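# Observations on chain architecture
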Amino acid sequence: MIDNLESNYNCANAGQDLHQLKQELAALQEQGAHDQASKEAIHRLENQISFILNKCDINH
């Protein structure tokens, strides 16, 4: 998970960051979100992915 995404995010990193975030998300989803911490981590990863896609105008 990326610690801090801000409005000045460098889209040059989007390819690598999206790959990493999607892998982390898939791993958490495979484990299942049985507790609140897991659900929050999944939600945060989904938000980070959406932020990068929107910020960098990437079609998904």
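In the block above lies the structure referred to throughout.
Think of each chain on its own: its residues are numbered from 1, step by step along the sequence as written. Per-residue local features of the predicted model are confined to residues with pLDDT of at least 70, and side-chain atom pairs are confined, for both listing and counting, to 80 or more; whole-chain, interface and lining totals are unaffected and use all residues. Side-chain measures were taken over the full set of non-hydrogen atoms in the model, leaving aside hydrogen atoms and water.

### Some points on helix α1 (residues 14-31)
The secondary structure listing takes helices from DSSP runs of H or I that are at least 4 residues long and strands from runs of E that are at least 2 residues long, numbered from the N terminus. A helix is expected to span 1.5 Å for every residue after the first. With 18 residues, α1 should reach 26 Å at 1.5 Å per residue; the first-to-last C-alpha distance of 26 Å fits that figure. Type-normalised accessible area, obtained with a 1.4 Å probe on protein chains alone, sets the label of each residue: buried when under 20%, exposed when over 50%, and partly exposed for intermediate values. Every buried residue of α1 is accounted for by Ala14, Asp17, Leu18, Leu21, Leu25 and Leu28. All buried residues of α1 fall inside an arc of 100° around its axis, so they share one side. Turned more than 90 degrees off the buried face of α1, the exposed positions are Gly15, Gln16, Glu30 and Gln31. Note on contacts: a residue pair qualifies if any of its non-hydrogen atoms lie within 4.5 Å across the two residues. Looking at the buried positions of α1, the neighbouring elements they touch are α2 (36-55). Looking one or two residues beyond α1, the residue adopting positive phi is Gly32, at roughly 90°. It is the directions from the helix axis to the C-beta atoms whose arc is reported.

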